[in-house]
Structure formats: structure tokens, C-alpha cells
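Structure assessment
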Amino acid sequence: MRILVTGGAGYIGSHACLRLLQDGHFVVAIDNLDRGHQTPMDMLGSVYPDSFRFVHSDLGNTKIVLDTINIHSLDTVLHFGALAYVGESVEQPLMYYKNNIASGIGLLDACDQAHNGAGISRFIFSSSCATFGDPSDDMIPVPEHCPQTPTSPYGSTKLQMEQILIDYAKKRELDNNPIALTILRYFNVAGADTSGLLGEDHSPETHLIPVAINAALGRRTSMTIFGTDYPTPDGTNIRDYVHVDDLIDAHVLAMNTISVGQCEAFNIGIGKGYSVREVLEAVRRVSGVDFPIQDAPRRAGDAVALFCDSHKVRTVLGWEPRYTDIDAIVSTAYSWMLSHPDGYAE
Ligand code: UFG
């Protein structure tokens, strides 16, 4: 296939590019480099000079996106490009709506106009478990039909893009020009590719596993558990950590399974919840370092427990995660962070 990867310079998008290139696809990554990194784009370009291109642009620039799709005869879009900090979205909601919705519509306009109006035929959208907000106890583990009631602007932008895409797919059906639409709602993505080429490098870093690894590696003096009084067995939040390579597997399976005219949503997580304390114990085991941990009050907006009912993605797409153990996931992140003390060092 000939694939446009939006947000291709980001953590998940770059892992997707690598996997698609390994599988023999032609890939164009597009990214405004606001949060993404030039270095992995350069690396992929040097390893795959014939099948990889990088375009530095905002998705809201419909002309550049349209030209990119047409020039390279692209047929498939994997749309990762978005701002993705829950807390930041509460502080700067307009920035989130502008980037995740307005630019997302710019991208869709280009997809619609591409190939003299024939359009893009396959679209996979990175949505989030944040669209579910804080599900009630009877919705844990979280199935696809869980009511979607986001509790942050970030979650709202992901839900609204889902709805915009579903309406767009319906319009394509009416035009007798159907599209294959897949919505993947990620739970907590973690880990790094084992080739050592790519990893997770956010600035600022707020995610639990890399923050804890930084503490273990002495790159910060301690770390904080946000909330120890939750109604969970050890009082800390529970999340479903899915390895980034397993997550990309789900995209590849969706590309090959969901046919034009179909519109499907899947929750992507391993179906097992780990508490914050359990994750920190895993980081201590993997690193061998008993780094200091401080208890702190709850972080605003955190759901108590979010883990996935992965039945649908396993049965419909045949997805089977390779990483089902938290130590194995943490190990891949640890290896990359150990060998990249300054991340991509940009
Ligand atoms: N946590 C800490 N200390 C830290 C960092 C995190 O205790 O220093 C806790 C959080 O309170 C939470 C858990 O670790 O309970 C996981 O937090 P992350 O920040 O790693 O991840 P989130 O669950 O907040 O966010 C993830 C994705 C978002 C997505 C969200 C949906 O990163 O993109 O899930 O809930 F929107």
C-alpha cells in the first residue's frame, strides 16, 4: 500500500512508519514537528531511501496535504497527528480543538479531494480511551459500547473526530465511493521498538513509565504517585499498558481486514490492569534500582481504573499482543532510555 502517516515524527507514528516500511509499504510521514522529532525521520530516510519520504507541514495546510497524497499516489491514511496531554488540554482547550479538530478537518478535506475527487480509500484513526471518561464499575473492563463521556478537552477532541469521520464515511457511502474506516481507541501505550532505533521522547515527559525510568536512572531525584486513596486494592490508579509494537500490529491487521464500506471501532489494550504501584515495582525490578517514590494528592482528571475489554479486536482482527507482562513492556522502554540519555538529543 501507499500510506500517509500523520504525526509520523511522534512516538507512536514513528513506530508505525518503521513497521510499515519493514512490511514493504511506501510511506510518507507528515508532521509539523511541534512535538515530533526530525531525527527518527532522518534515520528512516537513510535506512529506506526508496520507500520513505518526510513532509514537514501542519495537517491544517490542506494544499500541502493534498499535493502530498496526489504526488505520491497515496491510498491509505493512518492519522496519529494530535496533541495528547490530558492536563494541557484542560489548560489550553482552544489549542486542542484547533489542532485536533480544525487541522483534522483540513486533513479530511485533502483526503476527500485527492485523486481528482476519488478520495482516499482507507483511513485509520488514533482515538483514545479518554473518550470514555471515567467509566462506571459495570463498564470495567471497558467494551466498545461503553458510553463515551469524555472528562477532558483532549478526550472530547478524539470523540468529535470519531463522529466527524463516521459522518464522512456515510457521505462516501451515499456517493457510491465507500471508504474503509477503522477507529482504534488506545489505552496506555508504552515501550519501545526492540531494534533500538526508536523510542519515547516527550518534552515534558509526564507518562508514568518513562518518568519512573528517569528516576531509576538518576535523571530525576524522585517521582510522585498521584493519589494513594483510590478505591483500588493498593489505593493507586489502574491502567492497561499496551506495547507500542502490539498497538501497531492492530493497525496493520485493520489495514488488511477492514474492507471498503466497513466502519469499525476497536478498543486496544491487553485487557489487564496494573496499578501505579505495580508499574513502579516493575521499573524497580527491571532497573535493579530502589529509587525514591513520594505519595502526593490525586491528579485532576485521572480516572480510577481503565482497562480494556479486548474481546472484539482479538476476534474480529485476530490481534494477539506479544507483550502481556508489565516487566517485558518496561524492559523495552528501559533499554532505549538507557542507551539514549538525552532522547533523540535534538
Ligand atoms: N502517574 C503518577 N505519577 C506520574 C505520572 C503518572 O502517579 O509521575 C499516574 C497517573 O496518575 C495515572 C497513571 O500513572 O494514574 C498513568 O498516567 P499517565 O500520565 O502515564 O497516563 P494517563 O493514563 O494519564 O494517560 C493516558 C494517555 C493519554 C490518554 C489517557 C486516557 O497517555 O493520551 O491515558 O486516560 F488520553
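Residues numbered from 1 in each chain as written. Predicted model: local features only at pLDDT ≥ 70, side-chain atom pairs only at ≥ 80, totals over all residues. Heavy atoms only, no water.

Observations concerning the packing of aromatic side chains
For the structure shown, the criterion picks out 2 aromatic pairs. The ring of Phe 26 has Arg 2 sitting right over it, with the charged end atom 4.2 Å from the ring centre. Just above the ring of Tyr 230 sits the side chain of Arg 298; from NZ or CZ to the centre is 4.0 Å. (Phe/Tyr/Trp six-rings, centres within 6.5 Å; stacked < 30°, edge-to-face > 60°. Lys NZ or Arg CZ within 6 Å of the ring centre and 35° of its normal.)

Observations concerning the domain arrangement of the protein chain
Under the domain assignment, the protein chain is made up of domain 1 (2-190 + 241-268) and domain 2 (208-239 + 272-339). The three residues of domain 1 that bury the most area against domain 2 are Tyr 241, His 243 and Asp 246, which together make up 29% of that side's buried surface. Joining domain 1 to domain 2, the criterion identifies 3 salt bridges. Between Lys 312 and Glu 264 there is a salt bridge, with the nearest N and O atoms lying 2.7 Å from each other. Counting across the domain 1 and domain 2 interface gives 10 residue pairs in polar contact (both at pLDDT 80 or more). Where the side of domain 1 that touches domain 2 is concerned, the elements lending two or more residues are strand E7 (188-190), strand E10 (241-243), helix H8 (244-257) and strand E11 (263-268). It is H8 that provides the largest number of residues to the side of domain 1 that touches domain 2, a total of 7 residues. (Domains from an automatic or database assignment. Buried area = accessible area lost by both parts, 1.4 Å probe. Salt bridge = Lys/Arg side-chain N within 4 Å of Asp/Glu carboxyl O. Polar contact = N/O pair within 3.5 Å; in protein donor to acceptor, adjacent residues only side chain to side chain. Helix = DSSP H or I, 4+ residues; strand = E, 2+ residues; numbered from the N terminus.)

Notes on the nonpolar core
In terms of nonpolar packing, the biggest core is built from 67 residues, with Ile 12, Phe 52, Ile 209, Tyr 241 and Ile 268 touching the most fellow members. Residues lining this core come from more than one domain, with at least three contributed by each of domain 1 (2-190 + 241-268) and domain 2 (208-239 + 272-339). Among residues more than four places away in sequence, those in contact with Ile 268 are Leu 184, Arg 185, Tyr 186, Phe 187, Val 242, Leu 247, Ala 250, Cys 308, Val 313 and Trp 319. Among the nonpolar cores identified, the runner-up in size contains 28 residues, and Val 55, Ile 101, Phe 123 and Tyr 168 belong to it. (Core = buried A, V, L, I, M, F, W, Y, C linked by side-chain atoms within 4.5 Å. Buried < 20%, exposed > 50% of the residue type's maximum accessible area, 1.4 Å probe, protein only. Contact = heavy atoms within 4.5 Å.)

Some points on the pairing of strand E4 (residues 76-79)
Across the two faces of E4 the burial is the same, with Thr 76 and Leu 78 and Val 77 and His 79 all buried. Pairing geometry for strand E1 (residues 2-6) and E4, over 4 bridges, is parallel. For Ile 3, the partnering residue across the bridge sits in E4 and is Thr 76. (Pairing = 2+ DSSP bridges.)

Let's talk about the sheet that holds strand E12 (residues 274-275)
Strand order in the open sheet formed by 3 strands is E12-E9-E14, and the pairing between neighbours is mixed. Either end of the sheet is taken by a strand with one partner, and the two such strands are E12 and strand E14 (305-306). When strand E9 (residues 238-239) meets E12, the two strands line up antiparallel, connected through 2 bridges. Note on E12: the bridge partner recorded for Arg 239 is Tyr 274.

So, the pattern of salt bridges
Enumeration over the complete set of coordinates arrives at 18 salt bridges. In this structure, Asp 290 engages Arg 284 in a salt bridge whose closest nitrogen and oxygen atoms are separated by 2.8 Å. Among the residues examined, Asp 290 registers a relative accessible area of 61% and is labelled exposed. According to the relative accessible area criterion, Arg 284 is partly exposed, its value standing at 21%. Close ionic contact of Glu 320 with Arg 314 constitutes a salt bridge, the shortest N to O distance being 2.6 Å. The exposed category is assigned to Glu 320, whose relative accessible area is 51%. With a relative accessible area of 25%, Arg 314 lands in the partly exposed category. Here the residues in one salt-bridge network are Arg 19, Asp 23, Asp 246, Asp 249 and Arg 322, joined through shared partners.

Regarding the side chain of Thr 76
Locating Thr 76 in the fold gives a position in strand E4. You can call Thr 76 buried: its relative accessible area is 0%. Side chain to side chain, Thr 76 and Arg 122 meet in a polar contact 2.9 Å long. When residues no more than four places from it in sequence are discounted, the contact partners of Thr 76 are Met 1, Arg 2, Ile 3, Leu 4, Ile 120, Arg 122 and Met 255.

Overview of unusual backbone geometry
At the junction of Ile 140 and Pro 141, the peptide bond is cis and its omega measures out at -5° in the coordinates. Mapped onto the fold, Pro 141 is located in the loop between strand E5 (122-128) and helix H6 (153-174). Pro 204 follows Ser 203 through a cis peptide bond whose omega is 0°. On the secondary structure map, Pro 204 appears in the loop between E7 and helix H7 (208-216). Of note, Leu 33 is a non-glycine position whose phi angle comes to about 60°, a positive value. Inspection of the secondary structure assignment puts Leu 33 in the loop between strand E2 (26-31) and helix H2 (38-47). Leu 33 gets classed as partly exposed once you look at its relative accessible area, which sits at 21%. At His 115, a residue that is not glycine, the phi angle is positive and equals roughly 55°. In this structure, His 115 sits in the loop between helix H5 (93-113) and E5.

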